[in-house]
Amino acid sequence: MADPRVIVVGAGPAGVRAAQALVEAGLRPTVVDEGRRDGGQIYRRQPEGFARSYPQLYGTEAQKAKDLHDSFEALRPHIDYRPETLAWNLTAGQLHVVAGGERTAVLPYDSLIVCSGATDRLLPVEGWHYAGCYSLGAAQIALKSQACSIGKRVVFMGTGPLLYLVASQYLKAGAQVAAVLDTSSLSTRIRALPALAARPALLWNGLKLVAMLRSAGVRLMAGISPVAVTGDDERGVSGVRLRDAQGREHSFECDAVGLGYHLRSEGQLADLAKCHFDFDEPSRQWLPRIDEDGRSSAPGVYLAGDGARILGADGAEAAGRLAALAALKDAGRPHAVVEMPQLRKRLATMDKFRRGLLQAFPWPHQLASQLPDRAIVCRCEGVSAGDLRATVRDLGAQEMNRAKALCRVGMGRCQGRYCGHAAAELVADAAVLPIERVGRLRGQGPVKPLPMSVPLAVEEQA
Amino acid sequence: MNVPRFVRLAEQGRAPIRVTIDGREAHALEGDTLMVALLSNTGQLRHSEFGPEVRSGFCLMGACQDCWVRDEQGNRMRACTTTARDGMAVRTTKEEATWPTLA
Amino acid sequence: MSSQHVQTDVVVVGGGLMGASAAFFLRQRGVSAVLLERGLVGQQASGVNFGNVRRQGRFLPQLPLAHRSRDIWGRLPELIGHDAEFIATGHVRVVYAESQMADVEKYATDAKHWGLDLQILGRSELRKRFPFFGPEVIGGSYSPNDGHANPRLAAPAFGRAAKRDGAQVIEDCEVLQVEKSGQDFRVNTSSGLTVTAPAALICSGAWGGAMSAAWGEPVPMVPKGPTMAVTEPLPYGIVPVVGVSTRIEHEGVYFRQVRRGNIVFGGGRRNPAYLDGRRANVNPNWTLGQLHELRRIAPALGKLNVLRTWSGVEGYMDDDIPIMGPSAKVSGLYYAFGFCGHGFQLGPGVGDVMAELIATGASSTPIEPFHIHRFTSVPAAETAVVNA
């Protein structure tokens, strides 16, 4: 019997460990990744020629990063590795890719393991469209991958553990951090401690970061409500205005803002594969349905890592391996089946921590309804909160795809990645509907912009 | 605005490269992304199509698509995922309506 | 689920552009109407098509209807309070081969007799006016008063205007049964609402064939999904709608730049579409094929990025001619469906003509070529119970 043709999308922690399990079982999987180098986001590699050490780049996670990179190096001779390759579309049993923005191909598969990772999750604030306002993840990438700060004086705002991590990394690297502003209150974080204690090492790291920032004199505020990023059209960001937990206004001067509210799963390929999505109450977002091993509702399609559930890098590694083992089992090539129960157990522990994080750093959905009408929600198309409200009130939209058709929200280059969640909150609020009733933006290919210079695709034989 | 936006904190021992921004020669380092090559010299990458403001990218991971720039021939590049190369010439000004006209 | 009954003059089944404009124009004539739509107004073919508001290239006997419709497009703001982003940019059909040039010249000669004035442009004149054409284009035909509009907005705008003027527009309401007893049609729906009316107008697009078949008037219609896409926004520099006149299916692509700057394109090969799922998916290889063809027409398009592709469910008649007019068998029953992917421009005119036909008994615009009796051969009973 011929080997099943397996494609892994994504060379981050989940994809690497999935590929590793497949190679152990004697297969030669194809690994498709958009990046120039492996590692995904959290273990993003600096370009060749950069000199910083692993501890400098990855701090407490240095060893894990090194292990992952070394594992991938060891895998390379045994896989069909396609870097700088975008999976732009998918049909049954076929992955449509474009390499280097130039060369198209159709890759047939029997099993597809999608490890597409996550992006920052954003909630708009008035002025977030000014030059100099970046996502939290962007601020981290600028530092990690290019040794730059996003500005001379940075304010970090939002919520989630990344907020404190990036701020402390900036501080350590010699950047000027004006303030760290958290929408989550101290009391919600304390209430979440039991769940966070599921992963004590991570909890301890988090507390140390906060202490370090405080002792460096960085202004830390919790329970805040963002009011605006101030700036002008030509020069970009000039500061941040907010209200504290008691309702008093504060402002900070800065020329850069790192903004983010934890993470959002990249579900476009799962959507194109016609995977079923369910509304996840704790995170208030739609997630693709998976069983405990990562099988999606679409036959032959497995989902692992932050692209399916935000469990962080360790969770992604476990989920990637588990999904690969499931794919092997389903293909009649069982391998290391005895490991599967313990991997499931590890994931369950990580999920407990995930819920703790969501409890400690909740998505502040109520801020969406407080956005002034003039605040831009869809950055790509310039659609404001007022436009969205009018689309519900005057044009009768009660659902996201209808709102999109009528006011263009989510029609821009980012295809709703950064406006989709907030737009849903606004539509639900204006329509007086529970959030899950307004649905989600339906995914349409290409997954990312496709250059119109590309040729007809060659279907590759396995 | 011509005020550099990004601040280099380390890794400055790399080989220098030259890029041209809106017709002016600028300096960057080998291994820079095009975004860093631009924003270490200037404050903007492009103009918003539907608003008066300039943009300077957002996510740095190829997801937001807010950092697309064009070269002198009108070829488009996503600045955060493109490596800057010596000799690149990029425009950050508003594009003209003559773009479809054949030379 | 309430049990409610409404009596009206005309029950319109299907809230696409045909149904919504018919409901609007019925109200203009003081006729009461209830519009029943299974999903949301304008969601199917009406909302996914290319958006061409084009008379050039039509089957010649369709031109009178197309002229009537074109006149309404120009008056949308005063009629429905919304322009649906219609702009009269002109439409140019280009060719790659001399033989095709001859076809296009013949059409221009014939169309003149049907009231459509076209300008034949040779190679250099075409380039002088439109400097974006690539070297393979040898000439074309220009229709100055054709243009384009936004299909996502048009049907919903007509629906809102119909409602404003007193039609009942009921969405999320699936028609389960249409029966006729005595003089009235009786429509049962999924929401528990029952509508009775002496006249029924079937505007259910690709699903219209099942309904006409239930009345003993089957038609040869297949559902197909268009291959559509849109680019990122660019400065507004391509004014006319552009299409290719060709006999080779995959060459037949078209594009239009909207004022905001995005370029919408379509044409070439189509996709299978599913009536029960109400969906169609784009074959990614067809999109790549379109890119190849677009670069031939206007090479600068090769520098752009595609942001999104989509498809939908359109109903195609075997003879490429729609079904429009009265039933051949059942008095009081009317049809307007199966517009073969070329119905968008006709939409306002179809609504106006069907309203006139139903209200007065005759249409001042000839629509005989679209009569369903061209397929009907066997007579059937007047009454029927149909599951929609």
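Structure first, text after, so check above.
Residues numbered from 1 in each chain as written. Chains lettered and ligands numbered in written order. Predicted model: local features only at pLDDT ≥ 70, side-chain atom pairs only at ≥ 80, totals over all residues. Heavy atoms only, no water.

Undergrad: Before we move on, can you summarise the sheet that holds strand β17 (residues 256–261) of chain A with the specific residues and values?
TA: Residues and elements named next belong to chain A. Ordered by their spatial adjacency, five strands build an open sheet running β9-β17-β11-β12-β13, and the pairing between neighbours is parallel. The sheet terminates laterally at β9 (133–135) and β13 (219–221), the two strands that pair on one side only. Between one strand axis and the next, the sheet turns through 20 degrees on average, direction left out of account. Bridging between strand β11 (residues 153–159) and β17 involves six bridges; their strand directions are parallel. For Val-154, the partnering residue across the bridge sits in β17 and is Ala-256. Its contacts with the sheet place helix α4 (residues 136–146) against β9, β11 and β17, and it is angled at close to 90 degrees to β9. (Pairing = 2+ DSSP bridges. Helix = DSSP H or I, 4+ residues; strand = E, 2+ residues; numbered from the N terminus. Axes fitted to C-alpha atoms, helices over the stretch in contact; angles between N-to-C directions. Contact = heavy atoms within 4.5 Å.)

Undergrad: Can you break down a nonpolar patch on the surface residue by residue, with the values?
TA: Side chains of Leu186(A), Ile190(A) and Leu193(A) sit close together on the surface and give an oily, nonpolar patch of about 280 Å² of accessible area. Here Leu193(A) shows up in helix α7 (residues 193–196). (Patch = residues over 30% accessible without salt bridge, like charges linked within 9 Å, V, L, I, M, F, W, Y side chains within 5 Å. Areas by Shrake-Rupley, 256 points an atom, 1.4 Å probe, with all protein chains shown as cover. Salt bridge = Lys/Arg side-chain N within 4 Å of Asp/Glu carboxyl O.)

Undergrad: How would you summarise the interface of chain A and chain B if you had to cite specific residues and measurements?
TA: Every contact between the two is made by 50 residues of chain A and, on the other side, 39 residues of chain B. Each partner contributes to the roughly 3600 Å² buried at the junction of chain A and chain B, and carbon and sulfur atoms together form 55% of this total. It is Tyr134(A), Gln146(A) and Arg413(A) in chain A that bury the most area against chain B; as a group they hold 17% of the surface buried on that side. Summed over the shared surface of chain A and chain B, the result is four salt bridges. The partner of Arg52(A) in a salt bridge is Glu11(B), with the nearest N and O atoms 2.9 Å apart. (Buried area = accessible area lost by both parts, 1.4 Å probe.)

Undergrad: Any details on the environment of Ala397(A)? Residues and values, ideally.
TA: Residue and element names in this part refer to chain A. Mapped onto the elements of the fold, Ala-397 is located in the loop between α13 (385–393) and α14 (400–407). Accessibility expressed as a relative area gives 0% for Ala-397, which makes it buried. C-alpha of Ala-397 to C-alpha of Arg-440: the two residues are 43 residues apart in sequence and 13 Å apart in space. Beyond its immediate chain neighbours, meaning those up to four positions away, Ala-397 contacts Thr-391, Val-392, Arg-402, Ala-403 and Leu-406. (Buried < 20%, exposed > 50% of the residue type's maximum accessible area, 1.4 Å probe, protein only.)

Undergrad: With reference to specific residues and values, describe the nonpolar core.
TA: If you look at the biggest cluster of nonpolar residues, it comprises 115 residues, and the most contacted ones within it are Phe156(A), Tyr170(A) and Leu181(A). Leave out the neighbours within four places in its chain, and Tyr170(A) touches Ala139(A), Gln140(A), Ala142(A), Leu143(A), Cys148(A), Ser149(A), Ile150(A), Val154(A), Phe156(A), Ala175(A) and Val177(A). Residues Ala20(C), Ala33(C), Ile72(C) and Phe158(C) belong to the second largest nonpolar core, which totals 58 residues. (Core = buried A, V, L, I, M, F, W, Y, C linked by side-chain atoms within 4.5 Å.)

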